[in-house]
Amino acid sequence: MSTLEEHIDIDAPIDRAWETLHRAESYPRFVDGVREARSEGQHRTHLDVDAGGRSRGLDVETTDRGKEMTWKTTSGPDLAGTVSLLPIDREHTRVQARFEYEPDTITEAFGGPKGFAQAAAIERGVRSDLQQFKDLVERERKR
């Protein structure tokens, strides 16, 4: 199993970031490849994903503990992760993302490179998603 960890600091209170993180319908706005997302109960989300030139559906189950959301796929490729929100101060939040995956599973499910090139592509994707999340939360805060 491979693990990737990244973080970003957001100019917004922790509750604002937490609310955005739990609004499944906003996932296409900050997760690359997600075309559509919808909640299917309190801790279940269905994602329609475009990746590697293919469209597929993924079901995801989430668990909350404090300001930490753990997720795992329950259909499709075996993927899992954790997003933790940590207060820096009253107006700033650190978002830490941890993504766990089997490299062969990613290649089989989504295509793309293998080895180091795959790890670099996943790292760029996670960083991009975090930056888009930051931008979304900060834009919503200014409204």
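Since this is a predicted model, take the numbers as computed values, not measurements.

Helix and strand counts for the chain stand at three helices and seven strands. For the chain, the N- to C-terminal ordering of α and β elements is β-α-β-β-β-β-β-β-α-α. When burial is assessed residue by residue, the chain has 41% of its 143 residues classed as buried. The long-range share in the chain, meaning contacts at least 24 apart out of those at least 6 apart in sequence, stands at 48%. Carbon and sulfur atoms provide 48% of the accessible area of the chain, an area that totals close to 8000 Å².

Take the environment of Val34 next. As for its placement among the helices and strands, Val34 is situated in strand β2 (residues 34-39). According to the relative accessible area criterion, Val34 is buried, its value standing at 9%. For the pair Val34 and Arg56, spaced 22 residues apart in sequence, the C-alpha separation works out to 9.8 Å. If we skip the residues at most four places from it in the chain, Val34 touches Tyr27, Pro28, Leu47, Asp48 and Val49.

A few words on the pattern of salt bridges. Under the definition given, this model contains 16 salt bridges. The residue Glu140 makes a salt bridge to Arg29 at a minimum N-O spacing of 3.7 Å. Separated by 111 residues along the polypeptide, Glu140 in helix α3 (residues 115-142) and Arg29 in the loop between α1 (14-21) and β2 bring together distant segments of the chain. One connected set of salt bridges, linked through shared partners, spans Glu19, Arg23, Arg29 and Glu140.

Among the nonpolar cores identified, the biggest contains 33 residues, and Ile10, Tyr27, Leu47, Leu85, Val95, Phe99 and Phe133 are the most heavily contacted of them. With six residues, α3 is the single largest residue contributor to this core. Sequence-distant contacts of Val95, defined by excluding residues within four places in its chain, comprise Glu6, His7, Ile8, Ile10, Val83, Ser84, Leu85, Leu130 and Phe133.

Now for the environment of Glu25. Counting through the fold element by element, Glu25 comes out in the loop between α1 and β2. With 20 residues separating them in the primary sequence, Glu25 and Thr45 have C-alpha atoms 9.4 Å apart. Those residues in contact with Glu25 that lie beyond four places of it in its chain are Ala37, Arg38 and Ser39.

Below, the discussion takes up the environment of Val31. Its place among the elements puts Val31 in the loop between α1 and β2. The class of Val31 is partly exposed, set by a relative accessible area of 23%. C-alpha separation for the pair Val31 and Gly125, spaced 94 residues apart in sequence, amounts to 8.5 Å.

Turning our eyes to something else, we now look at the sheet that holds strand β5 (residues 68-73). In space, the seven strands of this open sheet follow the order β1-β7-β6-β5-β4-β3-β2, with antiparallel pairing throughout. Each edge of the sheet is formed by a strand with only one pairing partner; in this case those strands are β1 (2-10) and β2. Each strand of the sheet is rotated relative to its neighbour by a mean of 20°, with strand direction disregarded. Sitting on the sheet, α1 is in contact with β4 (54-65), β5, β6 (79-89) and β7 (92-101), with an inclination near 160° to β6.

Cut-offs used in this document
Residues numbered from 1 in each chain as written. Predicted model: local features only at pLDDT ≥ 70, side-chain atom pairs only at ≥ 80, totals over all residues. Heavy atoms only, no water. Helix = DSSP H or I, 4+ residues; strand = E, 2+ residues; numbered from the N terminus. Buried < 20%, exposed > 50% of the residue type's maximum accessible area, 1.4 Å probe, protein only. Contact = heavy atoms within 4.5 Å. Areas by Shrake-Rupley, 256 points an atom, 1.4 Å probe, with all protein chains shown as cover. Salt bridge = Lys/Arg side-chain N within 4 Å of Asp/Glu carboxyl O. Core = buried A, V, L, I, M, F, W, Y, C linked by side-chain atoms within 4.5 Å. Pairing = 2+ DSSP bridges. Axes fitted to C-alpha atoms, helices over the stretch in contact; angles between N-to-C directions.

Interpretation in functional terms is not warranted from these geometric data alone.
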